Amino acid sequence: MGVIVGKSIFPGIVIGQPYIERKKKIDIENYKISSEKVEEEIERFLESVQKAKNDIKQIKGNLEGKINKEDLQILTVHIMMLDDPQFISDIKKGIKKEENNAEAVVKKVSNKYIEMFEKIADPIYKQRALDIKDISERIIMNLTHEDDIDSNLNGKILVIRELLPSELLKIYYSGINLSGIIMEYMGETSHTAILTKALEIPTLMGGNDIFSVDWGDKIILDTTSMEGKVVTNPDIKTLNRYDEEKNRYRNKMKEIEESIDKETVTLDGERVYLYLNIGGRLDITQVSRKRPDGIGLLRTELIYMDAVEFPNEEKQKKIYENIAREFEESQPNKPIVIRTLDIGADKKLSYYKMVDEENPSLGCRGMRLTLADKNLFKNQIKGILRAATHHNIKMMYPMITNLKEIIEAKDLVEECKKELLIEGKEFKENIEVGMMVEVPSNVMLADIFADYVDFFSIGTNDLTQYILATDRYSPIAEKLYDCYDPAVIRAINMVSSAGLRKNKKVSVCGEMAGENQAVIALLSLGIRDLSMAPAYIPKVRNLIRKIELSELKEIKIKLLKSKDSQEVKNILNEYLEIIEGRN
Ligand code: PEP
Ligand code: MG
């Protein structure tokens, strides 16, 4: 019996047969062609590109309505890449100049792009590298006609070093059912991870040395907690235990589904509010079923990332109005918090040259960047102010360091209002304005900031990285980056208390707001507003309905005395176990 641990991406318990895919390395032949055959070879290449595009379009068509619109965007990006004139022309030129076969040139040119993107220490470019790898493998498969999927894969747990999004979709559309996926590759926010969630396949990523393991005929994949686990060659006792676990998990899922239409209240009757974190688009079908209390975080940078140039005031107004209108169709009058542009560090725009910095996470990002480029900022403020005229829209600033920035932003908002008045445009005069709490200085001065803003939203993703001085994207520092660190817990408590004293609402919109253990901690610290990815809402609602707030007083005291994150997690897990048994 052996155990492999990794990060759970989509939850589930699967007991089944592994299918070990030592990643087919397509042997690409490299041969010379005569100069008369060059045009023919280019034609062969272009046909395979066309086939790749047609295949992706077909997959996209099949998936429409089945998975999130936002997730389908992955395929649009691949189609756009296959249309990229630079990429296509580099390969055509390569075939002509080197008089080599198309497969070899596609490989060479894509490797050049992949290497270039991989060198950039930014997850977005790392994702670009994966996208290129994906489309180039698809073109090569078309050229070599090696795209068959082994039907033996059906019903098995796929064990693979790395699975590309289009490979996963191809498997899905060939009618093959994967009962689970175990990958060595780690990429919680990668497109593959997004797709496994959309297709609801229990998945573990970041498993170590998966090819030096004796897999045997039967394995257990358990991704029900944050840290996922695979048991290889399980003995009878373990198998029996997991059979029971599987039943328990199935019942829990049923219970969550049944509580979807119930109120978000604790056992002692206190209402908790659950909001959505969304990017540029909104998936209405998901929203109406989940019944959120509003949109707690609209990350506008995704709208900017989708564009080819800065969207002007008019465009922004329309985008925000469309989102509000669509949302209000099923959720009338509920608030929508629009966060102003938060680019810099990991988030970049193709059409905006950022200043090169040694330490971009500590440099010109978020509010620092928009205050340095006032026109850019004013366009967005005006778009938001105008869209808010007939909608319950609020505005929120990211990455605030000091009060001066808030005051400067306030002056700019007033300037925008004056200009809109002169231009005769309708806008909301008394829009509520809040700030993200992402920088330790915000925590220490929360009572002071509270006098200048209408609400706080704690961005625990960044707050954790800045409190612990640990890059949130660095795999090396991964073990230190932990939102359950007592330092982060105390920081949240300080902000929550300041909000209470000053009568300002404090919500949490970092990823932790969607984690069961964290929900217990946050409620114990007085937080009643949680904003999360849509998928987590039913689960969190179900959990809240089992919590007795009076029981959390004791937990709060223990959490605030904890010495390390393990102690924090133990306290929370212990309570979680108690309440999970409640109906
Ligand atoms: C955060 O930092 O917690 C947050 C919600 O913002 P983002 O993840 O977009 O940086
Ligand atoms: Mg942030």
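What counts and what doesn't
- Residues numbered from 1 in each chain as written.
- Chains lettered and ligands numbered in written order.
- Predicted model: local features only at pLDDT ≥ 70, side-chain atom pairs only at ≥ 80, totals over all residues.
- Heavy atoms only, no water.
- Helix = DSSP H or I, 4+ residues; strand = E, 2+ residues; numbered from the N terminus.
- Rg over C-alpha atoms; globule rule 2.2 N^0.38 Å.
- Buried < 20%, exposed > 50% of the residue type's maximum accessible area, 1.4 Å probe, protein only.
- Areas by Shrake-Rupley, 256 points an atom, 1.4 Å probe, with all protein chains shown as cover.
- Lys, Arg positive; Asp, Glu negative; His and termini not counted.
- Charge placed at Lys NZ, Arg CZ, Asp CG, Glu CD.
- Core = buried A, V, L, I, M, F, W, Y, C linked by side-chain atoms within 4.5 Å.
- Contact = heavy atoms within 4.5 Å.
- Expected span 1.5 Å × (residues − 1).
- Arc of directions from axis to C-beta.
- 1 Å grid on protein atoms, 1.4 Å probe; cavity = no way out; pocket = protein on both sides within 12 Å on 5 of 7 lines; lining within 4 Å.
- Points joined across faces, edges and corners; volume = space filled by probe spheres on them.
- Near = heavy atom within 4 Å.
- Polar contact = N/O pair within 3.5 Å; in protein donor to acceptor, adjacent residues only side chain to side chain.
- Patch = residues over 30% accessible without salt bridge, like charges linked within 9 Å, V, L, I, M, F, W, Y side chains within 5 Å.
- Salt bridge = Lys/Arg side-chain N within 4 Å of Asp/Glu carboxyl O.
- Pairing = 2+ DSSP bridges.
- Axes fitted to C-alpha atoms, helices over the stretch in contact; angles between N-to-C directions.
- Donors = N, O, S within 2.8 Å, 3.2 Å for Na, K, Ca; no water.
- Right-handed = clockwise from strand over helix to strand, strands pointing away.
- Phe/Tyr/Trp six-rings, centres within 6.5 Å; stacked < 30°, edge-to-face > 60°.

Caption draft 1: Highlighting the overall build of the protein chain. In terms of helices and strands, the protein chain carries 22 helices and 16 strands. At 25 Å, the protein chain has a C-alpha radius of gyration in line with the 25 Å of a compact globule built from 583 residues. Dimensions along the principal axes, computed over C-alpha positions, put the protein chain at roughly 80 × 70 × 45 Å. Per-residue burial for the protein chain yields a buried fraction of 53% across its 583 residues. In the structure as shown, the protein chain presents an accessible area of about 27200 Å², 50% of it carried by carbon and sulfur atoms. Each charge sign in the protein chain was given a centre, from 87 positive and 97 negative side chains, and these centres are 2 Å apart.

Caption draft 2: The nonpolar core, seen in detail. Y397, I520 and L530 are the most contacted members of the largest nonpolar core, which has 89 residues in total. When residues no more than four places from it in sequence are discounted, the contact partners of L530 are V272, Y273, L274, Y275, V508, A513, V519, L522, L523, V540 and I544. Counting 51 residues, the second largest nonpolar core, distinct from the first, contains F45, I56, I88 and I181.

Caption draft 3: Expanded view of helix α22 (residues 565-580). In this model α22 runs 22 Å from its N-terminal to its C-terminal C-alpha over 16 residues, within 8% of the 22 Å that 1.5 Å per residue would give. Of the positions making up α22, those classed as buried are S565, V568, I571, L572, Y575, L576 and I579. Considered in projection along α22, the buried side chains sweep an arc of 130° and stay on one side of the axis. The exposed set on the far side of α22, more than 90 degrees from its buried face, consists of E574, E577 and I578. Buried positions along α22 lie against α18 (486-502), α19 (516-524), α20 (537-544) and α21 (552-561).

Caption draft 4: Quick look at empty space enclosed by the protein. The final tally for this structure, using the stated rule, is one cavity of 30 Å³ or more. When its volume is computed, the largest cavity comes out at roughly 60 Å³. Lining the largest cavity, in full, are K252, E255, I256, N516, K539, N542, L543, K546 and E580. Only α8 (236-258) and α20 provide two or more residues apiece to the lining of the largest cavity.

Caption draft 5: Representation of the site of ligand 1. By nearness alone, 14 residues border ligand 1, and R299, R339, G459, N461 and R472 come closest of all. One of the side-chain nitrogen or oxygen atoms of E438 is found 2.9 Å away from an oxygen atom of ligand 1. In isolation ligand 1 exposes 290 Å². Once the protein is present, 99% of that is buried. When residues of the shell around ligand 1 are traced back to their parent elements, those giving at least two are β10 (295-299) and α17 (460-467). It is α17 that contributes the most residues to the shell around ligand 1, three residues altogether.

Caption draft 6: Highlighting a nonpolar patch on the surface. There is a patch of nonpolar side chains on the surface, built from I407, M444, L445, I448, Y452 and M494 and spanning about 540 Å² of accessible area. Considering the arrangement of structural elements, one finds L445 in the loop between α15 (440-444) and α16 (446-449).

Caption draft 7: Inspection of unusual backbone geometry at higher detail. The phi angle at D209 is positive, at roughly 45°, despite the residue not being glycine. Tracing the chain through its elements places D209 in the loop between β6 (203-205) and β7 (219-222). A positive phi is found at A469, a non-glycine position, where the angle reads about 50°. Along the chain, A469 turns up in the loop between α17 and α18. Judged by relative accessible area, A469 falls into the exposed class, the value being 72%.

Caption draft 8: Up close: the sheet that holds strand β13 (residues 433-437). Strand order in the closed barrel formed by eight strands is β9-β10-β11-β12-β13-β14-β15-β16, with parallel pairing between adjacent strands. With direction set aside, neighbouring strand axes in the sheet form an average angle of 30°. In this sheet, strand β14 (residues 455-458) lies alongside β13 in parallel orientation, the contact comprising four bridges. Following the sheet pairing, G434 is matched in β14 by F455. Relative to strand β12 (residues 393-397), helix α13 (residues 374-387) is tilted by about 155°, and along the sheet it contacts β11 (336-339) and β12.

Caption draft 9: Structural view of the coordination of the magnesium ion (ligand 2). Taken together, E438 (OE) and D462 (OD) make up the full set of protein donors to the magnesium ion (ligand 2), lying 2.0 to 2.1 Å away. Linking E438 in the loop between β13 and α15 with D462 in helix α17, this pair joins segments that are 24 residues apart in sequence. The buried category is assigned to E438, whose relative accessible area is 2%.

Caption draft 10: Expanded view of the pairing of strand β16 (residues 529-532). Here β16 shows two buried faces, one formed by D529 and S531 and the other by L530 and M532. Of the strand pairs in this sheet, strand β9 (residues 273-278) and β16 are connected by four bridges, and their pairing is parallel. Each residue of the ladder has a partner; that of Y273, found in β16, is D529. Sheet topology places strand β15 (residues 505-508) next to β16; two bridges connect them, and they run parallel. Residue pairing for β16: S507 is matched across the bridge by D529. Tracing the backbone out of β15, into α19 and back to the parallel element β16 gives a crossover that is right-handed.

Caption draft 11: Main features of the pairing of β15. With four bridges connecting them, β14 and β15 associate as parallel partners. Note that in β15 the partner of I458 across the bridge is V508.

Caption draft 12: Expanded view of the packing of aromatic side chains. As enumerated under the stated definition, the model contains five aromatic pairs in all. Both rings, one in F310 and one in Y351, keep their centres 5.0 Å apart while their planes meet at 90°; by these two values the pair is edge-to-face. Of the two residues, F310 sits in the loop between α10 (301-306) and α11 (313-330) while Y351 sits in the loop between β11 and α12 (367-372), which places them 41 residues apart along the sequence. Classification of Y351 as partly exposed rests on a relative accessible area of 22%. Ring centres of F377 and Y397 lie 6.1 Å apart, and the angle between their planes is 55°; this geometry places the pair in the tilted category. Separated by 20 residues along the polypeptide, F377 in helix α13 and Y397 in strand β12 bring together distant segments of the chain.

Caption draft 13: Up close: the sheet that holds β7. Strand order in the open sheet formed by eight strands is β2-β7-β8-β1-β6-β5-β4-β3, and the pairing between neighbours is mixed. Two strands in the sheet have a free side with no partner beyond their single neighbour: β2 (13-16) and β3 (18-21). Ignoring which end each strand starts from, the neighbouring axes of this sheet average 25° apart. The pairing of strand β1 (residues 2-10) with β6 spans three bridges and is classified as antiparallel. The residue bridging F10 from the neighbouring strand is T203, located in β6. Contacting β1, β5 (180-183) and β6, helix α7 (residues 191-198) crosses the sheet at an angle of about 80° to β1.

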